[in-house]
Amino acid sequence: MKYSNAWHLRDIILLTLIAIFFGVIYWIVGPVYNLLTVALTPVGLGPAANDILMGIWVMAGPLSGYIFKKVGSATLGEFLGSVVEMFLGGQWGASTMISGIVQGIASELGFTFTGYKRYDWFSLNLSVLTTTIVTFGWDMIRNGYAKYNIGLLIALFVIRLISTWIFAGVLTKAIVKLLDRTHLMQTQAR
Amino acid sequence: MNPSFKFLLAVLIALEISFTSTWIVNLALAVIGLLLILTSRPTFKRLILLFFVPLIPASALAVAILLQSNAGVHFALVLFTRIYAYVFVGSAATLTTTVSDLVMSLEQNTHIPSKFAYGFLGAFNLLPKIVSEVNIIRAAGNMRGQALHVWSPQLYFKAILASLDWSENLAEAMTSHGFSEEAPRTYFKQIRVRWWDWLVLLGSLVLLQVALFGFHLQ
C-alpha cells in the first residue's frame, strides 16, 4: 500500500488528539520528575531524573511516525505534544516548544535514515538511538552536561538510552502491535 | 503584541541563552519575564508555583555542576539563572496569550494552512473530554482488576482508539459545517502585524545581543 504524504483534516485532528493524550500524560509525569529530582539533588545526581524519565517524554514522536508514516509526522506529533503541555500549564512555558522540536526531529531521524520505507523493529530502534544521541547532545549544551566528569556523562547517557528504549522502543512496539490486531489502521510496514 | 511574534521572540531568547553563559543577562531576562507575568495578574498560587517549581531543576543542575564537575561556581550560577530565564520568559508568553489567539495569528500572519489551524483548534477544544477519557480508561481497567500505568500499552491503545473515533467524528462535523481544506477564508477576528510588533521583536533581539556582547567582553 502506498501512503500519501498529504495531511488531511482527519489526520491533523487525530495527530493533535494523540498529542493531547501524550501532553496530558507528560503533564502528569511533571510532578514525578520534580520529586525524583529533589530526591537525587543532594548527591549531585539531580539531572539523572531527566534521563530516567526521558523515554516517556519522547514517546509521541516514534508513535506518530509509526501510525501516520508520513514525512514529518514524528516531529509534528512530538511538537504538538509539547505545545499541549505548554498550554496545560507545564512548568516551562514557551521554552517547552524547543524541547519538543529537538525531540521530534531526533526521533524523526530514525525514520529518515530508512528513507521512510521501513516501519519495523529496526527503524524503531534506529529512532531510539537517534533520539538518545540528539537529545543528549542538546542537554550537553543547554543543561551543561558537557562539563560533567566522563564517568557521570556515560552513566547518564546509558540511563537515557535504556529509558528511551523501554518507552519509545518496547512500549511503542507493544502499542502498535495492539493496533495492528484491530485492523483499524495500516500500521504494518508497507 | 502579535501572538506569533511574541512566541517567536520567547523561543529565540530561550534558544540564544542556551548557548551563552552570562548569568547577569539570564537574571535580567527572568526579571523582565516576571514583570510581564505580573501584568497578566496571575493568582497568588500560580505566582508561588512559578517561583518554587523551577527551583527544583535549577538547583539540581547547579548542585550537580558543583559536585560532579570542575566547572566551578560561575557556571553553576549560569545554569541556575538560565532555568529561571527559560521559565519566566516562556511563561510570560503563555500566560498572556490564549490558544485561539495564537492559532488565529499563526494562520493569518504566518500563513500556516487553515486545515492545520482549525484541525488543531478543534482537537484542542476536546481537551477536557480527553482528560476525563483518561480517567474513564483507568477506572474501567480498575474495575476489571487491571491497574493501568504510564508503562501499560493498553492505556495508550485505548486512548488512540478513542482518538480515532473522535477525529473521524470531528472531521465529519467540520466538513458538514462547510469547512473546506483548500478554500480561501475570511476572518471574523482579524489579527494584524503592526509596526511596533517588528520594533519590539527586532529591538529586543538587538538589545539582547548588545547585552550579551557587552558582558562577554568584561
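Residues numbered from 1 in each chain as written. Chains lettered and ligands numbered in written order. Predicted model: local features only at pLDDT ≥ 70, side-chain atom pairs only at ≥ 80, totals over all residues. Heavy atoms only, no water.

Per an unreviewed UniProt entry, chain B carries the name Energy-coupling factor transporter transmembrane protein and comes from Secundilactobacillus silagei JCM 19001. Quoted straight from UniProt, the Subcellular location (unreviewed entry) entry for chain B says "Membrane". (UniProt positions renumbered as here; feature names shortened; annotations may be inferred.)

The name an unreviewed UniProt entry assigns to chain A is Energy-coupling factor transporter substrate-binding protein, from the organism Secundilactobacillus silagei JCM 19001.

A. Seen up close, the overall build of chain B. A tally of helices and strands in chain B yields ten helices and zero strands. Secondary structure elements of chain B, listed N to C terminal, follow the sequence α-α-α-α-α-α-α-α-α-α. Taken over the C-alpha trace, chain B has a radius of gyration of 22 Å; the compact-globule value for 218 residues is 17 Å, which it surpasses by more than 25%. Projecting the C-alpha coordinates of chain B onto the three principal axes gives extents of approximately 65 × 55 × 30 Å. Looking at the 218 residues of chain B, the share that counts as buried comes to 47%. For chain B, contacts bridging at least 24 residues in sequence account for 74% of all contacts bridging at least 6. For chain B, the exposed surface amounts to about 11600 Å²; the carbon and sulfur share of it is 68%. (Helix = DSSP H or I, 4+ residues; strand = E, 2+ residues; numbered from the N terminus. Rg over C-alpha atoms; globule rule 2.2 N^0.38 Å. Buried < 20%, exposed > 50% of the residue type's maximum accessible area, 1.4 Å probe, protein only. Contact = heavy atoms within 4.5 Å. Areas by Shrake-Rupley, 256 points an atom, 1.4 Å probe, with all protein chains shown as cover.)

B. Focus on the interface of chain A and chain B. With 62 residues of chain A in contact, the opposing surface of chain B contributes 68 residues. For the chain A and chain B pair, buried surface summed over both sides reaches about 5700 Å², with 82% attributable to carbon and sulfur atoms. For the chain A face of the interface with chain B, the top three residues by lost area are Leu9, Phe21 and Phe87 of chain A, together amounting to 13%. If you look at where chain A meets chain B, you find nine residue pairs in polar contact (both at pLDDT 80 or more). Mapped onto the side of chain A that touches chain B, the elements with two or more residues apiece are α1 (9-40), α3 (60-68), α4 (73-88), α5 (96-113), α6 (121-142) and α7 (150-182) of chain A. Ranked by residue count, the leading element in the side of chain A that touches chain B is α1 of chain A, at 18 residues. Across the side of chain A that touches chain B, the residue classes tally to 45 nonpolar, 14 polar and three charged. (Buried area = accessible area lost by both parts, 1.4 Å probe. Polar contact = N/O pair within 3.5 Å; in protein donor to acceptor, adjacent residues only side chain to side chain. Nonpolar A, V, L, I, M, F, W, Y, C, P; charged D, E, K, R; others polar.)

C. Expanded view of helix α7 (residues 114-124) of chain B. The element α7 of chain B is largely enclosed, with a buried count of ten among its eleven residues. Where α7 of chain B is concerned, the buried positions are Ser114, Lys115, Ala117, Tyr118, Gly119, Phe120, Leu121, Gly122, Ala123 and Phe124 of chain B. Considering only its buried residues, α7 of chain B is in contact with α1 and α4 of chain A together with α6 (99-109), α8 (127-143) and α9 (153-176) of chain B.

D. Region of the structure containing a nonpolar patch on the surface. A cluster of nonpolar residues, Trp121, Ile150, Ile154, Val158, Ile162, Trp165, Ile166 and Val170 of chain A, forms a patch on the protein surface that exposes about 720 Å² of accessible area. Residue classification places valine 158 of chain A among the partly exposed positions, given a relative accessible area of 39%. (Patch = residues over 30% accessible without salt bridge, like charges linked within 9 Å, V, L, I, M, F, W, Y side chains within 5 Å. Salt bridge = Lys/Arg side-chain N within 4 Å of Asp/Glu carboxyl O.)

E. Broad picture of the UniProt feature "transmembrane region" (unreviewed entry) in chain A. All names here are of chain A. Residues annotated in UniProt with the feature "transmembrane region" (unreviewed entry) correspond here to residues 12-29, 35-60, 121-138 and 150-176. Secondary structure over residues 12-29 splits into 100% helix and 0% strand, and the C-alpha atoms at its two ends are 25 Å apart. Secondary structure content for residues 121-138 is 100% helix and 0% strand, and the end C-alpha separation is 26 Å.

F. Seen up close, the packing of aromatic side chains. According to the stated counting rule, one finds 20 aromatic pairs over all chains in the structure shown. For the ring pair phenylalanine 22 of chain A and tyrosine 156 of chain B, a centre distance of 5.3 Å and an interplane angle of 25° mean the geometry is stacked. Here phenylalanine 22 of chain A, found in helix α1, pairs with tyrosine 156 of chain B, found in helix α9, and the two come from separate chains. Residue classification places phenylalanine 22 of chain A among the buried residues on the basis of a relative accessible area of 2%. Residue class for tyrosine 156 of chain B comes out buried when judged on its relative accessible area of 3%. The structure contains a cluster of three or more aromatic residues connected by ring pairs, namely Phe87 of chain A together with Phe7, Phe120 and Phe124 of chain B. (Phe/Tyr/Trp six-rings, centres within 6.5 Å; stacked < 30°, edge-to-face > 60°.)

G. Up close: the UniProt feature "transmembrane region" (unreviewed entry) in chain B. All names here are of chain B. Mapped onto this numbering, the UniProt entry gives "transmembrane region" (unreviewed entry) at residues 12-38, 47-67, 73-95 and 195-217. Between the C-alpha atoms that bound residues 12-38 the distance is 22 Å, and the span itself is 89% helix and 0% strand. Along residues 73-95, the helical share is 100% and the strand share 0%, with 33 Å between the first and last C-alpha atoms.

H. Looking closely at the side chain of glutamate 78 of chain A. Residue and element names in this part refer to chain A. Following the sequence through the fold, glutamate 78 ends up in helix α4. An unpaired buried charge is present at glutamate 78: no salt bridge exists, and arginine 160, the closest side chain of opposite charge, is 11 Å distant. If near-sequence neighbours (up to four positions away) are discounted, glutamate 78 is found in contact with Tyr26, Trp57, Val58, Met59, Ala60, Gly61, Gly100, Gln103 and Gly104. (Lys, Arg positive; Asp, Glu negative; His and termini not counted.)

I. Region of the structure containing the pattern of salt bridges. In total, this model carries seven salt bridges over all chains according to the counting rule given. Residue glutamate 168 of chain B pairs with arginine 10 of chain A through a salt bridge whose shortest N-O separation is 2.9 Å. On the criterion of chain membership, the pair formed by glutamate 168 of chain B in helix α9 and arginine 10 of chain A in helix α1 is interchain, its members lying in two chains. In this structure, lysine 70 of chain A and aspartate 11 of chain A form a salt bridge, with 3.8 Å as the shortest nitrogen-oxygen distance. Here aspartate 11 of chain A lies in helix α1 and lysine 70 of chain A lies in the loop between α3 and α4, a separation of 59 residues in the sequence. Given the relative accessible area of 8%, lysine 70 of chain A is considered buried. Its relative accessible area of 13% is what places aspartate 11 of chain A among the buried residues.

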